[in-house]
Amino acid sequence: MSSPASQPSAGPVEDLPAVAPQLRALRRRAALTLEAAARAAGLSPAHLSRLETGQRQPSLPMLLALARVYGTTVSELLGENVADRDAVVRAGDMEPTRAGGWTYWQAGASGRGMQALRVRVPHGSQGDIVRVHPGEEWLYVLKGHLRLRLGDATHLLVPGSSAHFDSLTPHRIAAENPDGVELLFVHTLLQSPTAALCLGPHIGDMP
């Protein structure tokens, strides 16, 4: 598995114009240097710098990692403003957001202790990072076959299957279907920059 910094450039973030300055602003709000934030998110400083200048487009796993480091949500990283926190999210209000080949829809209110998303995962592995961080994650496969690696075990999840696990277990996902996988995804929002780790190439590729 290659490290994020070694992957080819995805070009400017044309479909997410607000993300680059927002990433820089939130890092500064968290009082983190570029080096400290990159280390906590499992990125190289050069890679994070490219994200902050719009030279590279972040994938959803990168956004999730940075949101945890900065103690915020993916929505805020993307510059989305929610006027009122409502208990109900209407289907017509779920506008898709695309990042690094991933597509996601907000499936829950912002400002809560959990974040709920409907996600379309592109074919292949998530490719960026094997993630390890405090908290819990739950996912439910809606469409397609999802390969989930938890520690040393690999599981194939079909529609209707779900997984609920401690996020301190190294985890990585991959879509088996050429047209990707759709799933529901819920994770806790815990800020713990010193404990949050994103492990790189030494973890090894999925079998």
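Residues numbered from 1 in each chain as written. Predicted model: local features only at pLDDT ≥ 70, side-chain atom pairs only at ≥ 80, totals over all residues. Heavy atoms only, no water.

Another point: the overall build of the protein chain. Helix and strand content of the protein chain: five helices and 12 strands. Counting across all 207 residues of the protein chain, residues that qualify as buried make up 46%. Relative to all contacts within the protein chain whose residues are 6 or more apart in sequence, the contacts with residues 24 or more apart total 71%. Summed over all atoms, the accessible surface of the protein chain reaches about 9600 Å², with 53% contributed by carbon and sulfur. (Helix = DSSP H or I, 4+ residues; strand = E, 2+ residues; numbered from the N terminus. Buried < 20%, exposed > 50% of the residue type's maximum accessible area, 1.4 Å probe, protein only. Contact = heavy atoms within 4.5 Å. Areas by Shrake-Rupley, 256 points an atom, 1.4 Å probe, with all protein chains shown as cover.)

Our focus in this paragraph is the sheet that holds strand β9 (residues 162-166). Neighbouring strands of a sheet are bound in pairs by backbone hydrogen bonds; such pairs are parallel or else antiparallel. Reading across from one edge, β1-β2-β3-β11-β6-β9 is the order of the six strands in this open sheet, with antiparallel pairing throughout. The open sheet has two free edges, formed respectively by β1 (97-99) and β9, since each of these has just one partner strand. Each strand of the sheet is rotated relative to its neighbour by a mean of 25°, with strand direction disregarded. Across the sheet, helix α4 (residues 60-70) lies against β1, β2 (102-106), β3 (114-121), β6 (136-143) and β11 (181-188), angled at about 5° from β11, the strand it touches most. (Pairing = 2+ DSSP bridges. Axes fitted to C-alpha atoms, helices over the stretch in contact; angles between N-to-C directions.)

With that out of the way, let us pick up the confidence of the model for the protein chain. Per-residue pLDDT for the protein chain has a mean of 74; in total, 71% of the residues score no lower than 70. Across the protein chain, element-level confidence peaks in strand β8 (residues 153-157) with a mean pLDDT of 94 and bottoms out in strand β12 (residues 197-199) with 33. Predicted confidence for residues 1-15 stays below pLDDT 50, and this span has 44 contacts to residues more than four positions away or in other chains. Within the model, the stretch residues 191-207 combines pLDDT values under 50 with 49 contacts to residues more than four positions away or in other chains. (pLDDT = per-residue confidence, 0-100.)

With that settled, consider the environment of G108. Examined against the element boundaries, G108 turns out to sit in the loop between β2 and β3. Taking C-alpha positions, G108 is 9.8 Å from R90, a pair spaced 18 residues apart along the chain. When sequence neighbours within four positions are dropped, the list of residues in contact with G108 reads V89 and A116.

Glancing now at the packing of helix α2 (residues 34-41) against helix α3 (residues 45-52). Two elements in contact, α2 and α3, have axes separated by 8 Å at closest approach and are oriented at 105°. If you check the angle between α2 and α3, you find them roughly perpendicular. On α3, the residues that touch L34, E35, A37 and A38 of α2 are P45, L48, S49 and E52. Tallied by class, the residues present in the contact of α2 with α3 amount to five nonpolar, one polar and two charged. (Parallel < 35°, antiparallel > 145°, perpendicular 65-115°, else oblique. Nonpolar A, V, L, I, M, F, W, Y, C, P; charged D, E, K, R; others polar.)

Given 3.6 residues per turn, any residue in an α-helix points the same way as the ones three and four places further on. Residues of α3 that are buried: H47, L48, L51 and E52. Taken end-on, α3 shows its buried residues confined to a sector of 140°, consistent with a single buried face. Residues of α3 that are buried make contact with α1 (19-29), α2 and α4. Just downstream of α3 lies G54, where phi reads positive at about 80°. (Arc of directions from axis to C-beta.)

For α4, the buried fraction is high: 11 of the 11 residues fall into the buried class. Residues L60, P61, M62, L63, L64, A65, L66, A67, R68, V69 and Y70 constitute the buried set of α4. In the stretch just after α4, G71 is the one whose phi turns positive, near 65°.

Further remarks concern the pairing of β9. Of the two faces of β9, the one holding A163 and F165 is buried and the one holding S162, H164 and D166 is not buried anywhere. Note that β6 and β9 share five bridges and pair antiparallel. Counted as the bridge partner of W138 is H164 from β9.

So, on to the nonpolar core. Grouped together as the largest cluster of nonpolar side chains are 42 residues, with contacts concentrated most on L48, L66, V119 and L139. In terms of residues, this core owes the most to one element, α4, which gives nine residues. With residues near it in sequence (within four places) discarded, L66 still touches L23, A41, L43, L48, L51 and L77. (Core = buried A, V, L, I, M, F, W, Y, C linked by side-chain atoms within 4.5 Å.)

Quick look at the packing of aromatic side chains now. Considering all chains together, one arrives at one aromatic pair under this definition. Ring centres 6.1 Å apart and planes at 20° place the aromatic pair W138 and Y140 in the stacked group. A relative accessible area of 29% places W138 in the partly exposed class. (Phe/Tyr/Trp six-rings, centres within 6.5 Å; stacked < 30°, edge-to-face > 60°.)

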